[in-house]
Amino acid sequence: MPARALPDFVTADVDLAGRTTLALPGRAAYLAAIRSCRQLAQLAGWQATRRFVLGGGSNVVLSGDFDGLLLQMAIAGRELAGEDAEAWYVRAGAGENWHQLVLWTLANGWPGLENLALIPGTVGAAPIQNIGAYGLELGDRLQSLEVFDMDRGRPLQLDRPACRLAYRDSVFKQQGWHLDARRVVTSVTFRLPKNWRPLTGYADLAAELERRQLARPDARQIADAVIAVRSRKLPDPAVVPNAGSFFQNPVVSAEIGERLRRQCPDLPCHVQPDGRLKIAAGWLIEQAGWKGRDLGRVGMYEKQALVLVNRGSALGSEVMALAQAVQDAVRRRFAVELTPEPVVL
Ligand code: NAP
């Protein structure tokens, strides 16, 4: 950081324990609590410093101390920004909690985000990896993003095509903006269509709705079912620290998919519109012998092999060693590469 007075919203030498859901130890040289674009403008000049945006800390592995400036996004606000015959337009600040936003839209009678209930993290982090669950992606509901351009020191708007969304991917990841915070999401505007239709095709969700005898569920009932399914399968980070799905579900060519299906006829996979095959990474990990297995103080969760958990006081290096061991085992068994989802800081 240049030798000039720190703005009052920047703190030096900050303990990061408790700021990431994997509960790994580490300190940040500087941390700025960002509540407005004006504060980002003030920091735009500090370009010599390494920067990183921290949302809910649910997609980060701390490998140790961070010698740069962390932007802790705390921009608040949720509002109905507009409405026309086709849709409601809802805007939310980047620092809002994602799940609370979903519940708030439903309570207001604006359906459309229910399948994405209980995904951890903040609103601002959601478009970076185009969060998705149970057949719905954020991209299906995105209208635009308000972004702060740290290079030029001014805000700009990205419409949906400019976000270049794909499966758990966006222009932020494609350009590396999620690593150096050159462009920071400050708010997100959603388009929630009024001709809402339930999306209940995924097996786990369909089974839960059937169990509840809901043949024609409304959006709130779908959210409740999603919450129930996720709560059963995924550990609460407050109890068992974790970062959700640790690996992406690999999407392989039709040719590789064919080979895998010959090798394992019961392989859970789904054909993509482009003919490629999306494979359940959790299944690969389980078959490779890592479900419920530990390495040091970390392990792959017993109820969902895709989730890496901190059994207590682990270091970032232990997380990375386990991730590597799992990747190696899956590669040896299936010749498929698993890509970690969280960013290693
Ligand atoms: P799951 O429902 O067991 O699904 C495993 C894999 O099979 C996923 O790749 C899923 O695709 C695919 N799949 C299942 N049913 C499908 C269908 N009817 N059509 C097409 N593809 C289908 O996965 P899980 O681990 O228990 O997670 C539940 C949901 O939460 C999944 O949708 C998962 O992607 C999502 N999730 C998202 C994030 C995130 O956004 N970062 C993190 C954790 C979990 P999809 O991945 O396309 O759904």
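Residues numbered from 1 in each chain as written. Predicted model: local features only at pLDDT ≥ 70, side-chain atom pairs only at ≥ 80, totals over all residues. Heavy atoms only, no water.

Is there a simple way to think about the sheet that holds strand β17 (residues 294-295) in this case?
As a general point, the strands of a sheet are linked pairwise by backbone hydrogen bonds and lie either parallel or antiparallel. Taking strand neighbours across the sheet as the criterion, the four strands line up as β13-β19-β18-β17 in an open arrangement whose pairing is antiparallel. Taken across any chain shown, the strands that pair with only one partner, and hence form the sheet edges, are β13 (242-245) and β17. Here β17 runs beside strand β18 (residues 298-300); their pairing, made up of two bridges, is antiparallel. Within the sheet, the bridge partner assigned to Leu 295 lies in β18 and is Val 298. (Pairing = 2+ DSSP bridges. Helix = DSSP H or I, 4+ residues; strand = E, 2+ residues; numbered from the N terminus.)

How should the side chain of Thr 122 be read in this particular structure?
Here Thr 122 shows up in the loop between α2 (98-107) and β8 (132-133). Ignoring any residue separated from it by four or fewer positions in sequence, one finds Thr 122 in contact with Gly 55, Gly 56, Ala 94, Gly 95, Glu 96 and Trp 98. (Contact = heavy atoms within 4.5 Å.)

Looking at this model, I keep getting lost on the packing of α2 against helix α6 (residues 219-233). Mind explaining?
When two helices pack together, their arrangement is given by the angle between their axes and by how far apart the axes lie. Between α2 and α6, the least distance of the axes is 10 Å, while the angle of their chain directions is 155 degrees. It follows that α2 is roughly antiparallel to α6 by the angle criterion. Here α2 runs over α6; the crossing is left-handed. Note on element contacts: α6 touches α2 through Ala 219, Arg 220, Ala 223 and Ile 227, opposite His 99, Leu 103 and Leu 106. Within the contact of α2 with α6, the residues separate by chemical class into five nonpolar, one polar and one charged. (Axes fitted to C-alpha atoms, helices over the stretch in contact; angles between N-to-C directions. Parallel < 35°, antiparallel > 145°, perpendicular 65-115°, else oblique. Left-handed = near helix turned anticlockwise from the far one by under 90°. Nonpolar A, V, L, I, M, F, W, Y, C, P; charged D, E, K, R; others polar.)

Would you mind showing me how to read the packing of aromatic side chains here?
Two aromatic rings are characterised by how far apart their centres lie and by the angle between their planes. Summed over the entire model, instances satisfying the criterion amount to six aromatic pairs. Ring plane angle 80 degrees and centroid distance 6.1 Å describe the contact between Tyr 134 and Tyr 202, whose orientation is recorded as edge-to-face. On the criterion of sequence distance, the pair formed by Tyr 134 in the loop between β8 and β9 (136-137) and Tyr 202 in the loop between β12 (183-193) and α5 (203-211) is long-range, its members being 68 residues apart. According to the relative accessible area criterion, Tyr 134 is buried, its value standing at 14%. Look at Trp 283 and Phe 334: their rings are 6.1 Å apart centre to centre, the planes differ by 45 degrees, and that puts the pair in the tilted class. With Trp 283 in helix α8 (residues 281-287) and Phe 334 in helix α9 (residues 316-334), this residue pair connects regions lying 51 residues apart in the sequence. The burial state of Trp 283 is the same as that of Phe 334; both residues are buried. (Phe/Tyr/Trp six-rings, centres within 6.5 Å; stacked < 30°, edge-to-face > 60°. Buried < 20%, exposed > 50% of the residue type's maximum accessible area, 1.4 Å probe, protein only.)

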